[in-house]
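The lines below spell out each chain.
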Amino acid sequence: MITLGVDVGTTHTKVLALEIETGRTLALESAATPVVRDAAGEAHRPAQVLEVVLELVGAVVDRLPAGATLDALCVASVGEEVVLLDANGRPTSDAIAWYDPRGLEEAAAFMDGLGGKLPLSNRWPPDATFSLFKLLWVREHQPETLEPAVTWTDLGDYVLHGLGGDLVMDWSHASRAGAFDIVERAWDRATIEATEVPLAWPRLVPGRTVIGELDPAPAQRVGLRPGTALVSGGHDHLCGAYGAGVRSTRELYLSAGTSEAHLSLLEAPLEGEAARDIDQGCYVDDHTWYAHINIHSGHFFQQWRALLFDAVEDEAMYEIVAAADARGIDFAVSHDLRLGRLDAVPYDADRAAVMRAVLEGLAARSAAIIAELETAAGQPYELVLAAGHPTRVPLWRELRARAYDRPMARVIEPETTAFGAAIMAAHAVQGETATDLVASRTEVELSAGS
């Protein structure tokens, strides 16, 4: 069996072909995720994203052995983004990027008003980045794009719909929408009515659900047979965790990239004070929940890298920083995870010392987040399982292993999210046996040469 996993990420979109029986990646293609930048902020143009996916799928299919048959395709994507659709399923506007600040003011106003009195908001307080508040921003600032829209969905489920699938939203993306009851696994009507946004909300499905078949037109374009199963995926970090083999509440999964997701599985959602400041939702299976805290480590890192080592190659920069001493410089990330503060910088500090302090500060903040999740869940984590591009760097692994002070393993598969989506596709058409396939991992030793 061969399946395709698609990962629509913040900076890049990837398509991976996986041979399920062997766990071997047969082909992988990647391209930049198109971003629209203007005075209002940053957004994704859904039709352009779909076009990139089609091009990458075609390139992957061209690299497969002659006569190879693909059984299913599954899509993972960034979360919180809103794709408005008209009656013909066409986007009516760009989708505000998940990290764009548009919606933050609307979130504050909503929670200070009617939203703060709603049972759902009090039970599980929504994050200000959730889709609900992007919808409210559109209602206030771009009503002309809302007028022709009849419904909406997330970016990954829009791609599946564009390929021929039913218009749905998977539970993990719905968990980031701001109007989803994670226990009932249903939209909360009171919250939706409070928004006064005249849209139909999409049908909900768990991840790993066959939601349709590949239409003839895209099938002909990419060289696949019409009727290839289309499978609901999920939020990219969660699909990555699934691909890495996270099935136990005793593991903490760390997805390091543009954003840094810390998540663990729950047998039941947290309630009361334990739930404060922790995102919760449905995992990409049909029976588990997750607890999650995210930090924009990649943004902090790139900000300081550009200031201090802009013209230096990564390998050279890390060699310089690994030999440096932070000299007591403190880099702290604020409690709301949006601001970084540099303190106690000696007058003769060099750029290597400052950069090392930034890396150490991000490691310390990550360790504090893990401790917070551990306390909320009421049980220790036996392993930190890390995935993502930064884990390839020996200095990153060394600083993190010291900060965490517990066993740590690195996922070897470089494209864990696409890999996870491909496994989810197999599960949908093959059943539980496909969940036995997970990405390989290796223990991290506490040394700079690990």
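Provided above is the structure to which this section pertains.
Everything quoted here is computed from the prediction, not taken from an experiment.

Caption draft 1: Structural context of the overall build of the chain. When helices and strands are counted, the chain shows 15 helices and 24 strands. In terms of overall dimensions, the chain is globule-like: its C-alpha atoms have a radius of gyration of 22 Å, near the 22 Å expected for 450 residues. In terms of its C-alpha atoms, the chain occupies a principal-axis envelope of roughly 65 × 60 × 45 Å. Restricting to contacts in the chain with at least 6 residues of sequence separation, those with at least 24 account for 71%. Accessible area of the chain: about 17,900 Å², with a carbon and sulfur share of 50%.

Caption draft 2: Expanded view of empty space enclosed by the protein. If you walk through the whole model with that rule in mind, you get seven cavities of 30 Å³ or more. Considered as a void within the structure, the largest cavity measures approximately 200 Å³ in volume. Taken together, 16 residues line the largest cavity, and the ones lying closest to its centre are W124, P125, F130, S175 and Q280. When residues of the lining of the largest cavity are traced back to their parent elements, those giving at least two are α3 (119–123) and β18 (279–282). Approximately 60 Å³ is the volume attributed to the second largest cavity. In terms of lining residues, the second largest cavity is bounded by V82, L84, S93, D94, A95, I96, K134, V138 and Q142. When residues of the lining of the second largest cavity are traced back to their parent elements, those giving at least two are β8 (95–96) and α4 (131–141). Within the lining of the second largest cavity, the residues separate by chemical class into five nonpolar, two polar and two charged.

So, how was this worked out
- Residues numbered from 1 in each chain as written.
- Predicted model: local features only at pLDDT ≥ 70, side-chain atom pairs only at ≥ 80, totals over all residues.
- Heavy atoms only, no water.
- Helix = DSSP H or I, 4+ residues; strand = E, 2+ residues; numbered from the N terminus.
- Rg over C-alpha atoms; globule rule 2.2 N^0.38 Å.
- Contact = heavy atoms within 4.5 Å.
- Areas by Shrake-Rupley, 256 points an atom, 1.4 Å probe, with all protein chains shown as cover.
- 1 Å grid on protein atoms, 1.4 Å probe; cavity = no way out; pocket = protein on both sides within 12 Å on 5 of 7 lines; lining within 4 Å.
- Points joined across faces, edges and corners; volume = space filled by probe spheres on them.
- Nonpolar A, V, L, I, M, F, W, Y, C, P; charged D, E, K, R; others polar.

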